[in-house]
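What follows is each chain in one-letter form.
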Amino acid sequence: MPSTIWQNRFLLLNRYRFKNVGKGARIYNPLRIDGISRISIGDHTIVSEGTWLAAMPLTGKDAQLVISDGVCLGHFNHIYATGSIVIENNVLTADKVYISDNLHSYEDVNLPVIQQPIKQCKPVVIGEGSWLGENVCVIGASIGKHCVIGANAVVTKDIPDYSVAVGAPARVIKKYNVIEKSWAIPSELGGARFFSLCA
Ligand SMILES: CC(C)(COP(=O)(O)OP(=O)(O)OC[C@H]1O[C@@H](n2cnc3c(N)ncnc32)[C@H](O)[C@@H]1OP(=O)(O)O)[C@@H](O)C(=O)NCCC(=O)NCCS
């Protein structure tokens, strides 16, 4: 079935089960949606095919997943909130991105991990205008405004506004210098190189 037909059918059947769906939002053939009444989708936001969205109170907290306006989620994203995940306006995620605010506990070696409780991590915010590359994982950490997270990065610590971060664990390799109005290698990394924006 063409995805546009499925998308129309999916939203036609499910729109009012969400906490909110904004105008012009499109959700293409999701893999799975858990806790739909705790999920908000903003205006003109696109959720690409094969995505798994969840807001499930598995750790005793209220759960919410807020996907704001103008967001574009790539294919096969997996976004699982047991507390709070907020994706701010105009965030772009590539394919196969994972964002979560929880972990499986593993401390008890006599119990399979699958039988151990879910551990709540910090709330997650993905800041306005940021871009997450292919296969990025964000686990219990927040990303600031207008950040770029390189392909395959694993983010477990907060990334400040206007940063480029790469690697596992993710580390900041460039920051926007507001005085120079250019992207620079942070001085703690020994950098005095500057990168003009779209020279
Ligand atoms: C991070 C990225 C945006 C490049 O940003 P950039 O500012 O142009 O960075 P540069 O190319 O100048 O690279 C700077 C350094 O980071 C390294 N680097 C770049 N991307 C990296 C990544 N994903 N993982 C690890 N290291 C990376 C470079 O090798 C370079 O290292 P060096 O200084 O030792 O040579 C890009 O590499 C990337 O990962 N893009 C995501 C692409 C994607 O997923 N697209 C999907 C379409 S939505």
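Because the structure is predicted, anything quoted here is derived from the model rather than measured. (Residues numbered from 1 in each chain as written. Predicted model: local features only at pLDDT ≥ 70, side-chain atom pairs only at ≥ 80, totals over all residues. Heavy atoms only, no water.)

**Student:** How do you make sense of the site of the ligand when you look at a structure like this?
**Tutor:** Every residue near the ligand is listed here: Ala 94, Trp 131, Gly 133, Glu 134, Val 148, Gly 150, Ala 151, Val 166, Ile 173 and Lys 174. Within the contact set of the ligand, an oxygen atom lies 2.7 Å away from a backbone nitrogen or oxygen of Glu 134. Measuring from an oxygen atom of the ligand, one finds a side-chain N or O atom of Lys 174 at 2.7 Å. With the chains in place, 44% of the 910 Å² that the ligand exposes on its own is no longer accessible. For the shell around the ligand, the residue count by class is six nonpolar, two polar and two charged. (Near = heavy atom within 4 Å. Polar contact = N/O pair within 3.5 Å; in protein donor to acceptor, adjacent residues only side chain to side chain. Areas by Shrake-Rupley, 256 points an atom, 1.4 Å probe, with all protein chains shown as cover. Nonpolar A, V, L, I, M, F, W, Y, C, P; charged D, E, K, R; others polar.)

**Student:** Can you help me understand the nonpolar core in this one?
**Tutor:** Buried together is how nonpolar side chains tend to be arranged in soluble globular proteins. If you look at the biggest cluster of nonpolar residues, it comprises 40 residues, and the most contacted ones within it are Leu 53, Ile 87, Ile 99 and Ile 149. When sequence neighbours within four positions are dropped, the list of residues in contact with Leu 53 reads Arg 32, Ile 33, Asp 34, Ile 39, Ile 41, Val 47, Leu 65, Ile 67, Leu 73 and Ile 79. (Core = buried A, V, L, I, M, F, W, Y, C linked by side-chain atoms within 4.5 Å. Buried < 20%, exposed > 50% of the residue type's maximum accessible area, 1.4 Å probe, protein only. Contact = heavy atoms within 4.5 Å.)

**Student:** Hey, could you run me through the side chain of Thr 93 in this one?
**Tutor:** In this structure, Thr 93 sits in strand E11 (residues 92-93). Look at Thr 93 and you get buried, because its relative accessible area is 2%. At a separation of 2.5 Å, a polar atom in the side chain of Thr 93 contacts the side chain of Asn 77. Non-local contacts of Thr 93, meaning those with residues more than four positions away in its chain, are made with Cys 72, Leu 73, Gly 74, Asn 77 and Leu 132. (Helix = DSSP H or I, 4+ residues; strand = E, 2+ residues; numbered from the N terminus.)

**Student:** What is the right way to read the side chain of Ser 40 from this model?
**Tutor:** Along the chain, Ser 40 falls in strand E4 (residues 39-41). By relative accessible area, Ser 40 is classed as buried at 14%. Setting aside residues no more than four positions away along its own chain, Ser 40 makes contact with Lys 19, Asn 20, Leu 65, Val 66 and Ile 67.

**Student:** How should I be thinking about the packing of aromatic side chains in this particular structure?
**Tutor:** For any two aromatic rings, the description comes down to two numbers: the centre-to-centre distance and the angle of the planes. Going through the model one piece at a time under the given rule, you end up with four aromatic pairs. An angle of 75 degrees between the planes, with centres 5.9 Å apart, marks the rings of Trp 52 and Tyr 80 as edge-to-face. In this pair, Trp 52 sits in strand E6 (residues 52-55) while Tyr 80 sits in strand E9 (residues 78-81), placing the two residues 28 residues apart along the sequence. (Phe/Tyr/Trp six-rings, centres within 6.5 Å; stacked < 30°, edge-to-face > 60°.)

**Student:** Quick question: what am I supposed to make of the pattern of salt bridges here?
**Tutor:** Two side chains of opposite charge can pair, provided their charged atoms sit close to one another. Inspection of the entire model under this criterion finds five salt bridges. As a salt-bridge pair, Asp 43 and Lys 23 come within 3.4 Å of each other at their nearest N and O atoms. On the criterion of sequence distance, the pair formed by Asp 43 in the loop between E4 and strand E5 (46-47) and Lys 23 in the loop between strand E1 (20-21) and strand E2 (26-27) is long-range, its members being 20 residues apart. Overall, the relative accessible area of 23% leaves Asp 43 in the partly exposed class. (Salt bridge = Lys/Arg side-chain N within 4 Å of Asp/Glu carboxyl O.)

**Student:** Can you help me understand the state of the cysteines in this one?
**Tutor:** Disulfide: a covalent bond formed between the sulfur atoms of two cysteine residues. Scanning all chains against the criterion turns up zero disulfides. Unpaired in terms of disulfides, Cys 72 finds its nearest cysteine sulfur in Cys 147, a separation of 18 Å. The structure places no disulfide on Cys 137, whose sulfur is separated from the nearest cysteine sulfur, that of Cys 121, by 13 Å. (Disulfide = S-S within 2.5 Å.)

**Student:** How should I be thinking about the sheet that holds strand E15 (residues 124-126) in this particular structure?
**Tutor:** Across a sheet, paired strands are connected by hydrogen bonds in the backbone, their directions being either parallel or antiparallel. Ordered by their spatial adjacency, five strands build an open sheet running E1-E4-E7-E10-E15, and the pairing between neighbours is parallel. Each edge of the open sheet carries a strand with a single partner, namely E1 and E15. One ladder, built from three bridges, connects strand E10 (residues 84-87) with E15; its direction is parallel. For Ile 87, the partnering residue across the bridge sits in E15 and is Ile 126. (Pairing = 2+ DSSP bridges.)

**Student:** Honestly, the pairing of strand E21 (residues 171-177) in this entry has me stumped. Any pointers?
**Tutor:** Looking along a regular strand, one sees side chains alternate from face to face of the sheet. Where strand E20 (residues 163-166) lies against E21, four bridges are found, and the strand directions are antiparallel. Residue pairing across strands places Ser 163 opposite Lys 175, the latter belonging to E21. Where E20 folds back onto E21 in an antiparallel hairpin, the turn is made up of four residues, including Gly 167, whose phi is positive at roughly 95 degrees. Bridge count for E21 against strand E22 (residues 182-184) is three bridges, and the pairing is antiparallel. The partner of Asn 177 across the bridge, within E22, is Ser 182. Counting the residues between successive antiparallel strands, the hairpin from E21 to E22 contains four residues, one of them, Lys 181, with a positive phi of roughly 55 degrees.

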